There are 2 protein chains.
Amino acid sequence: MGKAKGTPPRRVEVRVELKPGVMDAEALSTEKALGLLGVKDLDGVHIARVYELTFTGIDAEAAMDRARECVERLLANPVIHQVSLRALEH
Amino acid sequence: MGKAKGTPPRRVEVRVELKPGVMDAEALSTEKALGLLGVKDLDGVHIARVYELTFTGIDAEAAMDRARECVERLLANPVIHQVSLRALEH
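So, here's what we can say about the structure. Source: prediction; values computed, not measured.

**Let's talk about the interface of chain A and chain B**
1) Next: Facing the 34 residues of chain A at the interface are 34 residues of chain B.
2) Next: Carbon and sulfur atoms supply 52% of the area buried between chain A and chain B, which totals about 3000 Å² over both sides.
3) Next: Taken together, the links from chain A to chain B amount to 22 residue pairs in polar contact (both at pLDDT 80 or more).
4) Next: Secondary structure elements with two or more residues in the side of chain A that touches chain B: β1 (10-18), α1 (25-36), β2 (42-55) and α2 (60-75) of chain A.
5) Next: With 14 residues, the single largest contributor to the side of chain A that touches chain B is β2(A).

**Brief notes about the side chain of B:E52**
1) Next: Note on placement: B:E52 falls in strand β2 (residues 42-55).
2) Next: Of the polar contacts made by the side chain of B:E52, one reaches the side chain of A:R15; its length is 3.3 Å.
3) Next: Polar side-chain contacts of B:E52 include one of 2.6 Å to the side chain of B:R11.
4) Next: Residues in contact with B:E52, not counting those within four places in the same chain, are A:R15, A:G44, A:V45, A:H46, B:R11, B:V12 and B:L88.

**A short note on the packing of α1(A) against helix α2 (residues 60-75) of chain B**
1) Next: α2(B) packs onto α1(A) with a crossing angle of 100° between their chain directions and a minimal axis gap of 10 Å. Judged by the angle between their axes, α1(A) and α2(B) are roughly perpendicular. Residues A:T30, A:A33 and A:L34 of α1(A) pack against B:C70, B:L74 and B:L75 of α2(B).
2) Next: Counted by class, the contact of α1(A) with α2(B) contains five nonpolar, one polar and no charged residues.

So, how was this worked out
Residues numbered from 1 in each chain as written. Chains lettered and ligands numbered in written order. Predicted model: local features only at pLDDT ≥ 70, side-chain atom pairs only at ≥ 80, totals over all residues. Heavy atoms only, no water. Contact = heavy atoms within 4.5 Å. Buried area = accessible area lost by both parts, 1.4 Å probe. Polar contact = N/O pair within 3.5 Å; in protein donor to acceptor, adjacent residues only side chain to side chain. Helix = DSSP H or I, 4+ residues; strand = E, 2+ residues; numbered from the N terminus. Axes fitted to C-alpha atoms, helices over the stretch in contact; angles between N-to-C directions. Parallel < 35°, antiparallel > 145°, perpendicular 65-115°, else oblique. Nonpolar A, V, L, I, M, F, W, Y, C, P; charged D, E, K, R; others polar.

Laid out in structure tokens, this is it:
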């Protein structure tokens, strides 16, 4: 694991969303706006942000570790966000 | 199709992202910030926004039509965004 020259780029998808119970003002206003714009039968909007991170020169396991670093350092706030990570095919 | 009383809620995931070639200032600044924070081997950040829409009282096909309506009316700008939709399991 770790450094691996000549390896293909590794992509990791990080999905960040608010934890259940945390009010999502953006989702609520989106839902309201869609109703006002005439969309029928809508009964809920949930929003997530997806980061697709590309790493080079490292193997898949190391890329996943790096992605976790990104989450901890910048991409999510553990108090309010839940995060899921998955490796993407090249 | 159309109205279907007693059907389960239908969920559609709408993924909105900038088209290739459209500059994504947020992704660029995220990538730069992660580098400054010490994350190694990162070679690209791509950001997408995911809307999970829940519809009630309609079947899966109608829910997909409604989701397309949401995209056209509010969620995406066809000039700069590409959109993908998929039905989610209940």
